[in-house]
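A closer look at the structure
So you can see what is in the structure, the chains are spelled out below.
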Amino acid sequence: SIVYAAALIPASFQMPMIASFRPPAPSVVRGIAEGLRWGDYPHQLASRGARRAVATVPRDGDSSGDAKGVPDDIAIKKAMNRKKKKSLRGRDKRKEFIGMAKAVDRGQWANVYKPGGEDGSTFTALSGLPDRSKPFTVLGIESSCDDTGAAVVRSDGTILGEALASQHEIHEEWGGVVPGLARNAHEEKIDGIIQEALLNAGMSSLEDVDAIGVTVGPGLEICLRVGCNKARDLAESYGKPFVGIHHLEAHILMARLPYNNDDESLFISPATKGIHEVARAIEFPFLALLVSGGHCQLLKCLGIGKYSIIGGTMDDSLGEAFDKTARLLGLPVGGGGGPAVEALAREGDPKAVKLPIPLQKRKDCDFSYAGLKTAVRTAAEKLVKERGLGSIDELSRKDKADIAASFQNVAIRHIEQRLDRAMSMIEEEEDGIRSLAVVGGVAANSELRSRLESICVNRSESWKMFVPPPRLCTDQGSMSAWAAIERIFVGSSDKAEGHEVYARYPFQFNG
């Protein structure tokens with residue numbers, strides 16, 4: 001109740017609002033006092049179990065419960081014991097995965113992405129399929145983070161029309177994405193963005209598209225829900241097949257989108273097969289390096305919905321490390337910390353600041369950027385002290401450029417080492433994989449692309465590297481539309497009604 005809540009608020013916080021409350025009932029005061037006598041502080045009493053126990057305290061005029069208005073101390077102790085046991089179980093469960101990559105399904109996740117069922121190959125069309133004997137179009141919607149995107153893509157890979165509303169200016173002053181503000185911006189822009197994408201594609205309404213795909217996870221849940229709810233409503237209203245898109249798979253599949261290397265604006269590849277399916281830029285199986293703002297993974301890509309994770313980050317992703325370094329150096333992060341650090345790094349010496357390459361003693365393919373992030377801050381603070389300055393903000397542009405260049409050099413060197421190990425492992429296998437797809441927002445980094453290309457061509461048996469055009473590495477509607485097309489071609493769609501979104505949505509573990 002409001003009265004009970006007021007009683008738990010420290011006095012120092014009650015003054016501006018005290019006039020809004022009547023004095024708490026004496027029985028409530030006695031109950032809280034008794035709780036304190038047993039060593040339960042207000043925040044502990046407010047826990048779920050203890051709150052239930054205190055709820056038995058009678059108010060004035062209430063004849064139920066303990067006549068003295070004293071909470072049941074046995075009930076409180078039982079509630080606290082249940083909470084303690086639950087906490088210990090959670091801690092023990094987490095211990096099992098210490099030192100392991102995050103976002104990898106090892107049986108601990110309730111919701112796992114497996115469109116092909118348990119065997120990975122049994123696809124079902126729960127909401128039907130468009131006619132695949134002729135060209136079809138898909139509206140893709142993306143709202144997983146801070147970009148509201150929509151695009152109409154034809155089944156041969158041609159992007160007919162797209163629209164994107166960025167939230168860079170909204171989040172600039174906060175130094176990062178504020179989920180609530182992001183959700184509000186999505187809600188404000190999504191209708192207009194969808195309409196703009198349709199108009200750019202030469203379409204007058206949703207009647208003209210053949211299916212709808214929307215990102216349903218992983219991402220910020222309240223942001224995902226905006227796009228998913230809109231797509232569900234449209235699919236049900238217009239009777240269109242619905243495809244719930246996995247955000248990371250959409251990034252990976254963008255490497256398969258047919259496009260003209262000489263002119264990124266021409267997405268043309270004539271269809272020749274009976275179901276209008278064109279040759280992909282890269283065929284399964286292949287190795288993928290996914291580097292984005294929230295993820296860093298090496299995956300063996302076996303087919304739609306079938307991914308074997310070779311390595312992943314144990315803490316921060318590469319994109320996070322770029323963002324945090326940008327904020328540390330006081331760079332504008334509205335357009336993303338990665339581009340800001342990359343631009344400044346061009347002015348610096350990549351060997352000026354000595355930084356440790358992460359995980360040198362671990363002979364696996366996992367990543368870690370938390371330690372490097374801390375090392376960058378330590379190095380910056382050391383320079384501040386050496387220069388006799390008051391803060392990192394006061395460092396010269398040259399010093400900041402050297403820090404940025406040194407960080408980027410070591411961050412990419414970490415990627416190179418893990419990738420080289422993964423490629424060596426795959427070369428020993430007999431599946432013949434010699435193709436690498438570099439995907440995700442950080443794949444737009446020109447230094448990263450250049451250095452990974454060198455790794456591919458300088459191996460004893462050269463590899464071919466595939467990277468989407470920079471504008472298609474970041475989040476946009478085309479990735480959702482193309483991923484939906486890929487799902488449709490294998491006969492897969494989802495039921496729109498009641499489809500949920502998932503902040504965490506790991507791939508099903510495949511070997």
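Description of the structure in this document. Because the structure is predicted, anything quoted here is derived from the model rather than measured.

**Considerations on the sheet that holds strand β3 (residues 159-166)**
Across the sheet, five strands lie side by side as β3-β2-β1-β4-β5; this open sheet has mixed pairing. The open sheet terminates on both sides in strands that have one partner only, identified here as β3 and β5 (242-246). Going across the sheet, the axis of each strand differs from the next one's by a mean of 20°, ignoring polarity. In this sheet, β3 lies alongside strand β2 (residues 147-154) in antiparallel orientation, the contact comprising seven bridges. Bridging across to β3, A150 finds its partner in A163. The strands touched by helix α15 (residues 477-489) within the sheet are β1 (137-142), β2, β3, β4 (211-217) and β5, with β1 carrying the most contacts at an inclination of about 130°.

**Structural notes on the packing of aromatic side chains**
A full pass over the atoms with the stated rule returns seven aromatic pairs. On the basis of an interplanar angle of 70° and a centroid distance of 5.6 Å, the ring pair of Y113 and Y505 is categorised as edge-to-face. One end of the pair, Y113, is in the loop between α5 (73-95) and β1; the other, Y505, is in the segment after α15, and 392 residues separate them in sequence. You can call Y505 buried: its relative accessible area is 12%. Here a set of aromatic residues connected by ring pairs shows up, and it is made of Y113, Y307, Y502, Y505 and F507.

**A look at the nonpolar core**
Ranked by internal contacts, the top residues of the largest apolar core, which has 66 residues, are V138, L139, I194, L206, I252, L299 and F507. Per-element accounting of this core gives the leading share, eight residues, to α15. When neighbours within four sequence positions are excluded, L206 is seen to be in contact with L139, I194, L198, I212, L234, Y238 and K240. V333, V341, I403 and I455 belong to the second largest nonpolar core, which has 57 residues in total.

**Regarding the side chain of S143**
Position of S143 relative to the elements: it lies in the loop between β1 and β2. Using a relative accessible area of 1% as the deciding quantity, one classes S143 as buried. A distance of 3.1 Å separates the side chain of S143 from the backbone nitrogen of G227, its partner in a polar contact. Apart from residues no more than four positions distant in its own chain, S143 is found in contact with H186, C223, L224, V226 and G227.

**Details of the pattern of salt bridges**
Following the criterion strictly, the structure yields 29 salt bridges and no others. Here E447 makes a salt bridge to R451, at a shortest N to O gap of 3.6 Å. Remark: R451 and E447 occur in helix α14 (residues 446-457); sequence separation between them is four residues, near one turn of the helix. Given the relative accessible area of 32%, E447 is considered partly exposed. The class of R451 is buried, set by a relative accessible area of 16%.

**Re unusual backbone geometry**
With an omega of -10°, the peptide bond running from G217 to P218 counts as cis. By the secondary structure assignment, P218 is in the loop between β4 and α8 (221-238). One non-glycine residue, L359, adopts positive backbone phi at about 55°.

**Brief notes about the layout of surface pockets**
Reported here for the second largest pocket is a volume of approximately 250 Å³. Forming the walls of the second largest pocket are 14 residues, and the residues nearest its centre are Y113, K114, D494, H499 and Y505. A per-class count over the lining of the second largest pocket returns six nonpolar, three polar and five charged.

**What about the packing of helix α10 (residues 318-328) against helix α11 (residues 337-345)?**
Where α10 meets α11, the closest approach of the two axes is 7 Å, and the angle between their N-to-C directions is 65°. Like other packed secondary-structure pairs, α10 and α11 cross with a definite hand, here left-handed. In this structure, α10 uses F322, D323, T325 and A326 to contact α11, whose residues at the interface are G337, G338 and V341. The class makeup of the residues in the contact of α10 with α11 is three nonpolar, three polar and one charged.

**Observations concerning the environment of H246**
Among the structural elements, H246 can be located in strand β5. Here H246 falls in the buried class, since its relative accessible area comes to 1%. It is 9.4 Å that separates the C-alpha atoms of H246 and Y502, two residues lying 256 residues apart in sequence. A distance of 2.5 Å separates a polar side-chain atom of H246 from the backbone oxygen of Y505.

**Observations regarding the sheet that holds strand β8 (residues 306-312)**
Paired through backbone hydrogen bonds, the strands of a sheet run either parallel or antiparallel to each other. Spatially, the five strands line up as an open sheet ordered β8-β7-β6-β9-β10, and their pairing is mixed. Edge strands, defined here as strands with exactly one partner in the open sheet, are β8 and β10 (464-466). On average, each strand axis in the sheet is tilted by 25° relative to the strand beside it, whichever way the strands run. Note: strand β9 (residues 435-439) against β10, three bridges, orientation parallel. Across the sheet, residue S435 finds its bridge partner in β10, namely K464. Where helix α13 (residues 397-427) meets the sheet, its contacts fall on β6 (286-291), β7 (296-303), β8 and β9, and the angle it forms with β6 comes to roughly 165°. α14 contacts β6, β9 and β10 of the sheet and is inclined by roughly 155° relative to β10.

**Topic: the packing of helix α12 (residues 370-387) against α13**
Between α12 and α13, whose axes approach to 11 Å, the crossing angle comes to 155°. Considering the angle they form, α12 stands roughly antiparallel to α13. Note on packing geometry: the crossing formed by α12 with α13 is right-handed. Here L372, V376, A380, L383 and R387 of α12 lie close against α13, whose contacting residues are D399, I403, F407, V410 and A411. In the contact of α12 with α13, the residues fall into eight nonpolar, no polar and two charged.

**Some words on the state of the cysteines**
The term disulfide refers to a covalent linkage connecting the sulfur atoms of a pair of cysteines. In total, this model carries zero disulfides according to the counting rule given. Between C145, a free cysteine, and C223, which holds the nearest cysteine sulfur, the sulfur-to-sulfur gap is 6.5 Å. For C145, a relative accessible area of 25% corresponds to the partly exposed category.

**Things to note about the side chain of D147**
Relative to the assigned elements, D147 resides in strand β2. The side chain of D147 is buried and forms no salt bridge, while K189, the nearest opposite charge, is found at 12 Å. If sequence neighbours within four positions are ignored, D147 has contacts with E142, L164, A165, S166, Q167, H168, H186 and D475.

Criteria and cut-off values
Residues numbered from 1 in each chain as written. Predicted model: local features only at pLDDT ≥ 70, side-chain atom pairs only at ≥ 80, totals over all residues. Heavy atoms only, no water. Pairing = 2+ DSSP bridges. Helix = DSSP H or I, 4+ residues; strand = E, 2+ residues; numbered from the N terminus. Axes fitted to C-alpha atoms, helices over the stretch in contact; angles between N-to-C directions. Contact = heavy atoms within 4.5 Å. Phe/Tyr/Trp six-rings, centres within 6.5 Å; stacked < 30°, edge-to-face > 60°. Buried < 20%, exposed > 50% of the residue type's maximum accessible area, 1.4 Å probe, protein only. Core = buried A, V, L, I, M, F, W, Y, C linked by side-chain atoms within 4.5 Å. Polar contact = N/O pair within 3.5 Å; in protein donor to acceptor, adjacent residues only side chain to side chain. Salt bridge = Lys/Arg side-chain N within 4 Å of Asp/Glu carboxyl O. 1 Å grid on protein atoms, 1.4 Å probe; cavity = no way out; pocket = protein on both sides within 12 Å on 5 of 7 lines; lining within 4 Å. Points joined across faces, edges and corners; volume = space filled by probe spheres on them. Nonpolar A, V, L, I, M, F, W, Y, C, P; charged D, E, K, R; others polar. Left-handed = near helix turned anticlockwise from the far one by under 90°. Parallel < 35°, antiparallel > 145°, perpendicular 65-115°, else oblique. Disulfide = S-S within 2.5 Å. Lys, Arg positive; Asp, Glu negative; His and termini not counted.

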